[in-house]
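Analysis of the macromolecular model
Here is how the chains run, residue by residue.
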Amino acid sequence: MRWHAVCREPEVPTEFGVAALVRGHPVALFRTGDDELFALGNVDPFSGAGVISRGIVGDRQGEPTVASPMHKQVFSLRSGQCLDDPETRLPTYPVRCRDGVVEVATG
Amino acid sequence: MNKTLVIIGHGMVGHRLIEEIRERDTAENWRIVVLGEEAHPAYDRVALSSYMAETTAEGLSLLTPETRRDRRVELLTGVGATAIDRTERRVSITTGDSLHYDALVLATGSRPFVPPVPGADLPGCHVYRTLEDLDGIRAAASPGTDGVVVGGGLLGLEAADALRTLGMRPHVVEVAPRLMPVQVDEGGGAVLARLVGDLGIEVHTGVATASVHAGEHGGVGSVELTDGTEIDTGLLVFSAGIRPRDELADSSGLPRGERGGFLVDGGCRTEDPHVWAIGECAAVRGQCHGLVAPGYRMATAVAEQLTGGGTAEFEGADGATKLKLVGVDVASFGDAHGTSEGALEVVYANNAQGTYAKLVLDDDATTLLGGVLVGDAGAYDVLRPLTGGPLPGPPEQLLLPASQSGGPTAGALPDEATVCSCHNVRKTDITEVISSGAVEDVAGIKSCTKAGTGCGSCVPMLKNLLDEAGVATSDALCEHFPQSRSELFEIVRATGITTFSRLIAEYGTGRGCDICKPAVASILAGSTTSHILDDEQAGLQDTNDRFLANMQRNGTYSVVPRVPGGEITPDKLITLGQVATEFGLYTKITGGQRIDMFGARVEQLPEIWRRLVEAGFESGHAYGKALRTVKSCVGTDWCRYGVQDSVTMAIRLEMRYRGLRAPHKIKAGVSGCARECAEARSKDFGVIATERGWNLYVGGNGGFSPRHAELLASDLTDEDLIRVIDRFLMFYIRTAERLQRTAGWIESFDNGLEHVREVVVEDSLGIAADLEAAMARHTENYTDEWGAVLNDPEKLSRFVSFVNAPDSPDPTIRFTEERGQIRPEPTDLPMPVPTTGRKTVTEEVSA
Ligand code: SRM
Ligand SMILES: Cc1cc2nc3c(=O)[nH]c(=O)nc-3n(C[C@H](O)[C@H](O)[C@H](O)COP(=O)(O)OP(=O)(O)OC[C@H]3O[C@@H](n4cnc5c(N)ncnc54)[C@H](O)[C@@H]3O)c2cc1C
Ligand code: SF4
Ligand code: FES
């Protein structure tokens with residue numbers, strides 16, 4: 001596992017996402033209101049479009065989520081699991097913040 | 001399709017037969033050929049009078065696009081049947097051809113009866129039955145003069161009211177000693193005469209028309225009554241009863257009933273096993289029925305026989321009726337005159353209030369036999385279905401006007417009671433769909449059972465049944481807010497809260513979701529003046545609002561510059577072409593009179609806007625719950641027929657309401673004359689020019705459940721028009737639920753459009769000034785959302801594909817070419833799965 005510096009911390013706004021390219025992989029980065037960071041695949045498995053980072057962040061029964069802006073399926077930010085379709089899951093990546101820099105790990 | 005059904009007559013009942021067969025004939029055995037003599041395909045004759053006020057025929061049409069497209073159905077409009085040859089099984093038609101049938105259904109309706117009064121054939125004498133009749137009356141009307149209606153029944157009163165709408169002074173002449181003699185008794189008649197008189201209609205009862213005299217121009221000049229009264233008038237409408245149209249009995253040799261009509265048995269069969277008769281032309285067991293509900297039941301009976309081979313019978317009808325005159329409630333049902341043996345009457349009359357109510361009971365006063373209600377027919381919906389059954393409570397209580405007793409409720413009804421008589425839907429049919437969980441609201445009941453989609457008078461009962469089943473249709477916005485959108489709107493207004501985080505902390509739970517965040521953003525947009533991407537608000541927006549453009553299937557965006565009213569200069573057209581070429585975009589003319597440019601990457605959006613702003617454009621909303629376009633026709637500027645300047649008005653309205661955030665999108669149109677080239681009546685608000693100003697229609701839309709807009713106010717000046725629209729839109733924004741377009745919102749009120757009219761035209765709640773002030777704030781504070789981003793480096797920084805590689809294009813976006821333009825690389829998209837059923841895709845599309 002290798003950590004890659006992606007951006008400075010304030011570049012990931014609260015309750016919002018941004019997309020990043022990590023070694024050629026499109027990754028969606030999110031920060032929730034309680035300052036937790038999440039990194040998931042940016043490509044919406046239902047449409048094939050790189051749009052997950054542009055979805056609305058929220059929660060379903062306490063589980064932090066993002067809703068794909070394309071057709072509104074909701075994914076868990078923690079596990080990438082699609083909560084509307086048990087068969088579908090987004091890849092997730094380890095993410096951390098060191099010295100004000102957000103880092104994402106790939107395998 | 002191996003058998004041919006020929007239907008003669010495309011009126012209300014003939015049309016119902018088509019629908020019933022289409023629904024039942026799943027094996028597609030029948031090909032249906034329909035002959036309609038009138039110039040229009042079937043229309044809602046029951047609502048004919050509304051044509052006087054609203055002037056469009058298509059609003060009354062009964063023909064759905066599905067039926068029009070159905071290859072099993074062949075409509076021959078404007079074609080009559082002239083003779084029937086029963087041996088050859090052929091119908092001769094007015095084109096000179098003849099048609100073979102395997103089954104023939106006569107649905108020729110009735111013709112108005114014109115009494116043999118001298119002069120009744122002079123020009124200026126009219127009848128009241130078809131759209132053409134009404135066109136003729138409208139053309140002949142001259143405002144400010146007297147007009148005479150012969151006949152004071154249900155139709156005569158409607159006709160008199162129509163003359164009033166045309167600005168005339170109507171007289172009604174009725175031979176019987178009271179108005180509506182068939183439905184109403186003496187006591188009711190007295191109250192009715194007063195109410196009708198209050199409308200400005202002069203009533204002459206107990207007299208007949210003696211003769212009609214010609215005037216100077218050879219047309220009607222005056223009318224003389226049997227008591228010697230002479231009324232100067234150029235316009236006379238005969239509404240003295242109807243006669244079945246049974247002319248075809250001659251050529252076919254089919255027997256007639258004693259008082260006319262094609263004689264049929266209880267199954268609507270004539271003596272010929274291949275021929276049936278239904279509707280007003282049928283003499284069922286010798287008796288004709290002059291109302292639509294029995295006709296519909298006959299259609300059902302025949303459809304069952306034709307598709308199932310069954311022997312369904314028409315079971316008779318109760319003749320219940322309700323007068324459809326604004327301000328004059330009259331209803332009668334069952335044995336209204338107490339003719340049954342030993343019948344008792346309970347009467348409650350209040351002369352001060354102008355109400356009269358009578359119940360007819362059986363001899364031990366336990367069973368309801370019928371009744372008459374005048375002045376306040378509020379109890380009709382509950383009482384009528386109770387007819388023939390036990391009384392649910394003391395009769396006095398049932399008779400008190402609904403407002404005083406709280407009114408009887410649907411729970412009192414037996415399960416078998418008919419709740420919707422237009423479509424013959426019983427209480428159990430409705431409670432079943434409610435308890436199965438298939439429906440959650442009146443709209444659901446309408447689409448599942450058809451109840452409520454006819455005259456609409458049973459809608460309050462449907463609501464009542466939902467309430468009683470405890471389906472307090474959950475208004476909760478989502479799991480985070482127990483309140484409805486309109487309640488949250490009130491909370492925001494009352495507390496002055498301006499952020500989502502405060503609102504959810506104080507009034508909700510959790511951190512929100514894709515349903516409540518955009519809904520709250522829209523509410524907040526009305527109460528703050530900040531940009532929709534300022535601070536926390538940005539994260540609330542749907543992706544389209546967040547990037548101020550429409551997301552496409554491959555993650556690119558479309559840009560649709562505002563073209564107010566659809567008017568655009570050649571230079572601006574050239575600019576659009578240049579911008580599209582420069583950024584490699586696909587272009588298409590939209591259905592909203594604009595030009596859409598597709599395929600822009602996130603990072604290109606600000607640059608495209610910059611070019612547009614320089615050329616004097618702003619981008620526009622093809623996304624967002626906001627005003628879209630105000631479509632216009634050319635109007636007086638160029639069109640030979642235009643009577644008002646529709647383009648200027650459309651531009652003015654689009655500029656006034658642009659950027660207005662609402663529960664759903666808002667579309668509008670302005671037409672320069674009644675030809676309606678701007679399709680204004682398919683819009684949330686539609687404006688149609690008249691000689692005297694503008695008519696305003698509201699509640700129209702296309703889309704999933706198309707609706708025609710209905711008349712809210714007529715002949716408005718420019719300023720009055722804008723004032724009424726201001727109030728209408730603000731009232732909608734404040735009280736509608738999320739994703740409810742204006743049509744559904746209007747339907748959600750008990751009195752529907754009437755309630756909206758009271759609030760926005762008559763200011764019944766005293767909030768008009770407040771609504772206008774709110775709109776004034778919107779127009780003053782409007783700024784170009786797109787232009788504002790260009791001057792804000794922080795916001796601009798979000799328009800990148802990748803935060804760590806702003807210059808790398810997104811590798812998932814690829815294009816091919818088609819017809820000389822780009823299109824997204826075809827991918828095998830797994831279609832959006834209908835997963836949890838939590839929401840439907842149509843509902844969620846973000847525009
Ligand atoms: C571009 C256009 C089609 C075209 O090529 O002509 C269009 C395209 C879209 N329509 Fe539409 N509609 C367009 C005219 C219409 C019309 C016709 C009209 O406006 O005269 C209708 C029917 C009239 C109506 O709305 O009452 C129409 C009924 C819909 C509906 C169904 C609404 C409903 O109440 O059932 C949706 C879905 C929704 O809004 O939830 C929709 C949604 C959409 C969205 C926004 C779906 C989406 O989120 O991707 C489409 C994206 C537009 C884009 O990316 O730019 N569009 N759409 C038209 C843009 C007109 C404009 O200039 O603003
Ligand atoms: C102003 C008005 C208000 C009304 N209000 C109410 C109300 O409130 N409640 C209610 O229940 N009823 C009401 N009615 C009555 C209701 O409209 C009729 O009962 C209903 O329309 C009967 O349907 P139908 O199909 O039998 O006849 P119609 O609707 O009259 O249709 C018959 C059609 O057959 C056509 N036709 C006739 N002969 C031929 C031929 N030889 N070849 C081809 N075509 C032919 C006719 O032109 C006509 O279009 C009202 C009627 C009017 C005029
Ligand atoms: S609606 Fe009237 S004014 Fe407008 S283009 Fe059509 S005919 Fe002309
Ligand atoms: S009774 Fe007319 S629509 Fe139900």
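The rules we used
Residues numbered from 1 in each chain as written. Chains lettered and ligands numbered in written order. Predicted model: local features only at pLDDT ≥ 70, side-chain atom pairs only at ≥ 80, totals over all residues. Heavy atoms only, no water. Near = heavy atom within 4 Å. Polar contact = N/O pair within 3.5 Å; in protein donor to acceptor, adjacent residues only side chain to side chain. Areas by Shrake-Rupley, 256 points an atom, 1.4 Å probe, with all protein chains shown as cover. Helix = DSSP H or I, 4+ residues; strand = E, 2+ residues; numbered from the N terminus. UniProt positions renumbered as here; feature names shortened; annotations may be inferred. Contact = heavy atoms within 4.5 Å. Pairing = 2+ DSSP bridges. Core = buried A, V, L, I, M, F, W, Y, C linked by side-chain atoms within 4.5 Å. Buried < 20%, exposed > 50% of the residue type's maximum accessible area, 1.4 Å probe, protein only. Nonpolar A, V, L, I, M, F, W, Y, C, P; charged D, E, K, R; others polar. pLDDT = per-residue confidence, 0-100. Buried area = accessible area lost by both parts, 1.4 Å probe. Salt bridge = Lys/Arg side-chain N within 4 Å of Asp/Glu carboxyl O. Expected span 1.5 Å × (residues − 1).

Right, let's talk about the site of ligand 2 for a bit. Residue and element names in this part refer to chain B. In the neighbourhood of ligand 2, 30 residues make up the surrounding shell, with Val-13, Glu-38, Arg-129, Glu-280 and Lys-324 lying closest. Note that an oxygen atom of ligand 2 is positioned 2.6 Å from one of the side-chain N or O atoms of Glu-38. Protein burial of ligand 2: of its 990 Å² of free accessible surface, 94% is covered by the chains. Looking at the shell around ligand 2, the elements with two or more residues in it are helix H1 (12-24) and helix H5 (154-165). When residues of the shell around ligand 2 are assigned to their parent elements, the largest contribution, 3 residues, is made by H1.

Once that is clear, we can look at the UniProt feature "binding site: [4Fe-4S] cluster" (unreviewed entry) in chain B. Residue and element names in this part refer to chain B. With numbering aligned to this structure, UniProt lists the feature "binding site: [4Fe-4S] cluster" (unreviewed entry) at Cys-633, Cys-639, Cys-673 and Cys-677. Across 45 residues, the annotated set stays spatially compact, with a maximum C-alpha separation of 10.8 Å. Summarising the element assignment, Cys-639 is placed in the loop between strand S32 (627-632) and helix H21 (646-657). Summarising the element assignment, Cys-677 is placed in the loop between strand S33 (666-671) and strand S34 (685-690). Once you skip the residues sitting within four places of it in the chain, Cys-677 turns out to touch Cys-633 and Ser-671.

Residues and elements named next belong to chain B. Pairing of strand S37 (residues 815-818) with strand S38 (residues 821-824) involves 4 bridges; the strand directions are antiparallel. For Thr-816, the partnering residue across the bridge sits in S38 and is Arg-823. As consecutive antiparallel partners, S37 and S38 are separated by 2 residues, and within that stretch Arg-819 has a phi angle of approximately 45°, a positive value.

All names here are of chain B. Structurally, Arg-24 can be placed in helix H1. Separated by 280 residues in sequence, Arg-24 and Glu-304 have C-alpha atoms that sit 7.9 Å apart. The residues touching Arg-24, leaving out its near neighbours within four places in the chain, are Thr-300, Ala-303, Glu-304 and Thr-307. Side chain to side chain, Arg-24 and Glu-20 meet in a polar contact 2.5 Å long.

Our next topic: the nonpolar core. Residue and element names in this part refer to chain B. Counting residues in hydrophobic clusters, the biggest one holds 61 residues, and the most contacted among them are Leu-653, Tyr-657, Phe-685 and Leu-696. Among the elements that take part in this core, helix H22 (residues 718-735) stands out by supplying 10 residues, more than any other. Counting 47 residues, the second-largest nonpolar core is a separate cluster that includes Ile-8, Phe-262, Ala-299 and Phe-314.

Looking now at the site of ligand 3. Around ligand 3 sit Cys-633, Val-634, Gly-635, Cys-639, Tyr-641, Gly-642, Gly-672, Cys-673, Arg-675, Glu-676 and Cys-677 of chain B, and those are all the residues in its vicinity. Taken together, the residues of the shell around ligand 3 sort by class into 6 nonpolar, 3 polar and 2 charged.

Okay, the confidence of the model for chain B next. All names here are of chain B. On average, chain B scores 87 in pLDDT, and the residues at 70 or more come to 94%. Ranking the elements of chain B by mean pLDDT puts helix H28 (residues 841-844) last with 34 and S33 first with 98. Segment residues 401-408: pLDDT under 50, and 12 contacts once partners within four positions in sequence are set aside and those in other chains are kept. This model gives residues 829-847 a pLDDT under 50, and the stretch forms 43 contacts once residues within four places in sequence are excluded. Across the whole predicted complex the pTM is 0.54, and at the interface the ipTM reaches 0.69.

Of the residues lining the interface, 42 residues belong to chain B; the matching set on chain A comes to 42 residues. Summed over both partners, the interface of chain B with chain A comes to about 3300 Å²; 56% of that surface belongs to carbon and sulfur atoms. Inspection of the region where chain B meets chain A yields 4 salt bridges. Close ionic contact of Lys-517 of chain B with Glu-15 of chain A constitutes a salt bridge, the shortest N to O distance being 2.9 Å. Linking chain B with chain A are 15 residue pairs in polar contact (both at pLDDT 80 or more). Taken together, the elements giving at least two residues each to the side of chain B that touches chain A come down to helix H17 (516-527) and helix H18 (543-547) of chain B.

Another aspect to go through is H17 of chain B. An ideal rise of 1.5 Å per residue puts 16 Å on 12 residues; H17 of chain B measures up with 17 Å between its terminal C-alpha atoms. Extensive coverage of H17 of chain B is indicated by the burial of 9 of its 12 residues. On its buried face, H17 of chain B sits against strand S5 (56-60) of chain A together with helix H15 (485-495) and helix H16 (500-507) of chain B.

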